[in-house]
Amino acid sequence: MCWSATADLVAGTAIAAIGAACVARTRRTRDLPLAALPLLLGAHQIIESVVWRAEGGTGPATVAWAVIALPVLALWVPLGVLCAAPPTARRRLALPLAAGVATSATLAYGLATRPVTARIRGHTLGYALDLPRPELVVAGYLLATVGGLLLSGDRVLVWLGVLVAGGAALCAALWRLEFISTWCAFAAVCSVVLLGWSGRRRPGARG
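Okay, so let's go over this structure. (Residues numbered from 1 in each chain as written. Predicted model: local features only at pLDDT ≥ 70, side-chain atom pairs only at ≥ 80, totals over all residues. Heavy atoms only, no water.)

### Remarks on the overall build of the chain
For step 1, the next point in the chain: Per the secondary structure count, the chain includes nine helices and two strands.
For step 2, the next point in the chain: Mapped in sequence order, the helices and strands of the chain form the string α-α-α-α-α-β-β-α-α-α-α.
For step 3, the next point in the chain: In terms of overall size, the chain behaves like a compact globule, its C-alpha atoms giving a radius of gyration of 16 Å where 207 residues would be expected to give roughly 17 Å.
For step 4, the next point in the chain: Each principal axis of the C-alpha atoms in the chain carries an extent, and together these give about 50 × 35 × 30 Å.
For step 5, the next point in the chain: Restricting the contact set of the chain to residue pairs at least 6 apart, pairs at least 24 apart contribute 73%.
For step 6, the next point in the chain: When the accessible surface of the chain is totalled, it reaches about 9600 Å², and 70% of it is carbon and sulfur.
For step 7, the next point in the chain: Distance between charge centres in the chain, computed from 18 positive and 8 negative side chains, equals 16 Å. (Helix = DSSP H or I, 4+ residues; strand = E, 2+ residues; numbered from the N terminus. Rg over C-alpha atoms; globule rule 2.2 N^0.38 Å. Contact = heavy atoms within 4.5 Å. Areas by Shrake-Rupley, 256 points an atom, 1.4 Å probe, with all protein chains shown as cover. Lys, Arg positive; Asp, Glu negative; His and termini not counted. Charge placed at Lys NZ, Arg CZ, Asp CG, Glu CD.)

### Section: the packing of helix α6 (residues 134-150) against helix α7 (residues 155-174)
For step 1, the next point in the chain: Relative orientation of the contacting elements α6 and α7 amounts to 140°, with a least axis distance of 7 Å. The angle between α6 and α7 places the two elements in the oblique class. Contacts between α6 and α7 involve V146, L149 and L150 on the former and, on the latter, L157, V158, L160, G161, V162, V164 and A165.
For step 2, the next point in the chain: Residues belonging to the contact of α6 with α7 are distributed by class as follows: nine nonpolar, one polar and no charged. (Axes fitted to C-alpha atoms, helices over the stretch in contact; angles between N-to-C directions. Parallel < 35°, antiparallel > 145°, perpendicular 65-115°, else oblique. Nonpolar A, V, L, I, M, F, W, Y, C, P; charged D, E, K, R; others polar.)

### A closer look at the layout of surface pockets
The gaps of empty space that remain are located by a probe, the size of a water molecule, rolled over the atoms.
For step 1, the next point in the chain: In this structure, the largest pocket spans a volume of roughly 570 Å³.
For step 2, the next point in the chain: Of all the elements in the fold, those that place two or more residues in the lining of the largest pocket are α4 (60-84), β1 (116-121), β2 (124-129), α6, α7 and α8 (179-190).
For step 3, the next point in the chain: Per-element tally for the lining of the largest pocket: the top contributor is α6, with five residues.
For step 4, the next point in the chain: In terms of residue class, the lining of the largest pocket is built from 19 nonpolar, two polar and five charged. (1 Å grid on protein atoms, 1.4 Å probe; cavity = no way out; pocket = protein on both sides within 12 Å on 5 of 7 lines; lining within 4 Å. Points joined across faces, edges and corners; volume = space filled by probe spheres on them.)

### Comments concerning the environment of P78
For step 1, the next point in the chain: Considering the arrangement of structural elements, one finds P78 in helix α4.
For step 2, the next point in the chain: We classify P78 as buried; its relative accessible area is 2%.
For step 3, the next point in the chain: In this structure, the C-alpha to C-alpha distance between P78 and P96, residues 18 residues apart in sequence, is 6.0 Å.
For step 4, the next point in the chain: Those residues in contact with P78, other than ones at most four positions away along the chain, are L73, P96, L97, G100 and A144. (Buried < 20%, exposed > 50% of the residue type's maximum accessible area, 1.4 Å probe, protein only.)

### Quick notes on the pairing of β1
For step 1, the next point in the chain: In this sheet, β2 lies alongside β1 in antiparallel orientation, the contact comprising six bridges. Looking across to β2, one finds that A118 is bridged to Y127.
For step 2, the next point in the chain: The antiparallel hairpin formed by β1 and β2 contains two residues in its connecting segment, where G122 sits at a positive phi of about 65°. (Pairing = 2+ DSSP bridges.)

### Side note on empty space enclosed by the protein
For step 1, the next point in the chain: Applying the stated criterion to the full structure yields one cavity of 30 Å³ or more.
For step 2, the next point in the chain: Taken as a whole, the largest cavity encloses approximately 190 Å³ of empty space.
For step 3, the next point in the chain: At the level of elements, α3 (37-53), α4, α6, α7 and α8 are the ones that each hand at least two residues to the lining of the largest cavity.

Interpretation in functional terms is not warranted from these geometric data alone.
Below, the structure is given as structure tokens:
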């Protein structure tokens, strides 16, 4: 996230608390993975506060941050959307899920075989992981995460997808070298819209 370790810690704690409320309000078991997304993203920002305090580098906090940001979220989001989606939307969600599986596997292999490095650049953090054909990886990641939300068939989730897509464009334009960090922070803030979503009564609330 931008600004400082303190900003990450405060924001992460607040978002994680909202995530815990999302989980507590959830009525259907199959909504839990998506309802827990703010909890995961809040913890992610707290981990980044540790990266700040370590002044970047390649330490355990950097690796933990990258594992969540890259392979975990690439699979978590489309799988969570698929679980929560109405039956009419599940067939079209197969594409984002397939992209998520392939992208997550690629990123997991990259993290297992190459070092990831965090560098402080003013008031932002930049992360570097040397991957072949990074443009394809980014495309797969966006299809899995943003695409899954946009194709969900749920008004709130589509709105979240629009917000996250707009944030991706903004972060890419303003912070090209720090895109991953700033976009993850933006997505974490946007994920609080799931608080209202998690408490809604939907068909099959016991499923």
